[in-house]
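Given next are the chains, with one letter for each unit.
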Amino acid sequence: MAERPEDLNLPNAVITRIIKEALPDGVNVSKEARRAISQAASVFVLYATSCANNFAMKAKRKTLNAADVLAAMEEMEFERFLEPLREALEVYKKGKKEVSDQKRKEKEKKETDNDKSREEEDDEERMEEEPEAENDAEEEEVEN
């Protein structure tokens, strides 16, 4: 847990970006207003986390999951945000799956490439061994 309340605030750059995206161009926000929004956002995150944690504890889990957060939002009477949150969660899951699939494909390709390299090395070694075997056979014929 944080020792000072200021440690719980979200980074100013994040807050500023969120504010700019939420407001039309040309609207200015004072430093004091940004600070107040930052503190309000931090309080909201702490409250939502606490509510979600209650759902996890009821289920005898130590790990919060998305269902806990969605249940917390409903309990906090933020039902209108549930559908956008579900949609964002689906987008996140799809993106995560795509990244996972891409990494798996890259790994398989790398393994395939390594197998081909090993086969090529084995072929080269065999080709090097064959002339030596032929030379040994020729030497035996010369000696006879």
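The residue numbering used here restarts from 1 in each chain and proceeds along that chain's sequence as written. Confidence filtering applies because this is a predicted model: local features only for residues at pLDDT of at least 70, side-chain atom pairs given and counted only at 80 or more, and all residues used for totals across whole chains, interfaces and linings. Values shown for side chains rest on all heavy atoms present in the structure; no hydrogens or waters enter the calculation.

Here is the rule we go by: UniProt positions are given in the numbering used here, feature names are shortened, and annotations may be inferred rather than shown by experiment.
As annotated in an unreviewed UniProt entry, the chain carries the name DNA polymerase epsilon subunit 3 and is attributed to Gadus morhua. For the record of the chain, the UniProt heading Subcellular location (unreviewed entry) holds the text "Nucleus".

## Points about the overall build of the chain
This is how the line gets drawn: Secondary structure counts use DSSP, requiring at least four H or I residues in a row for a helix and at least two E residues in a row for a strand, with both numbered from the N terminus. Three labels apply to residues, based on accessible area from a 1.4 Å probe with only protein chains included: buried if under 20% of the type maximum, exposed if over 50%, partly exposed otherwise in between. Note that accessible areas follow from Shrake-Rupley with a 1.4 Å probe, and for residues the cover is restricted to the protein chains shown.
Looking only at helices and strands, one finds 4 helices and 0 strands in the chain. Beginning at the N terminus, the succession of helices and strands in the chain can be written as α-α-α-α. For the chain, with 144 residues in total, the buried portion stands at 10%. Total accessible area computed for the chain in this model is approximately 12500 Å², and 51% of it derives from carbon and sulfur atoms.

## A short note on the layout of surface pockets
Test applied: We place a 1 Å grid over just the protein atoms. Points where a 1.4 Å probe fits but has no way out form a cavity, open points with protein on both sides within 12 Å along at least 5 of 7 lines form a pocket, and any residue with an atom within 4 Å of a point lines it. Grid points are joined across faces, edges and corners, and a volume is the space filled by probe spheres set on the points. Asp, Glu, Lys and Arg are counted as charged, while Ala, Val, Leu, Ile, Met, Phe, Trp, Tyr, Cys and Pro are counted as nonpolar; the rest, among them Gly, fall into the polar class.
By volume, the largest pocket amounts to about 180 Å³. Those elements that place two or more of their residues in the lining of the largest pocket are α1 (12–22) and α2 (31–58). If one sorts the elements of the lining of the largest pocket by residue count, α2 sits on top with 4 residues. Across the lining of the largest pocket, the residue classes break down as 2 nonpolar, 4 polar and 3 charged.

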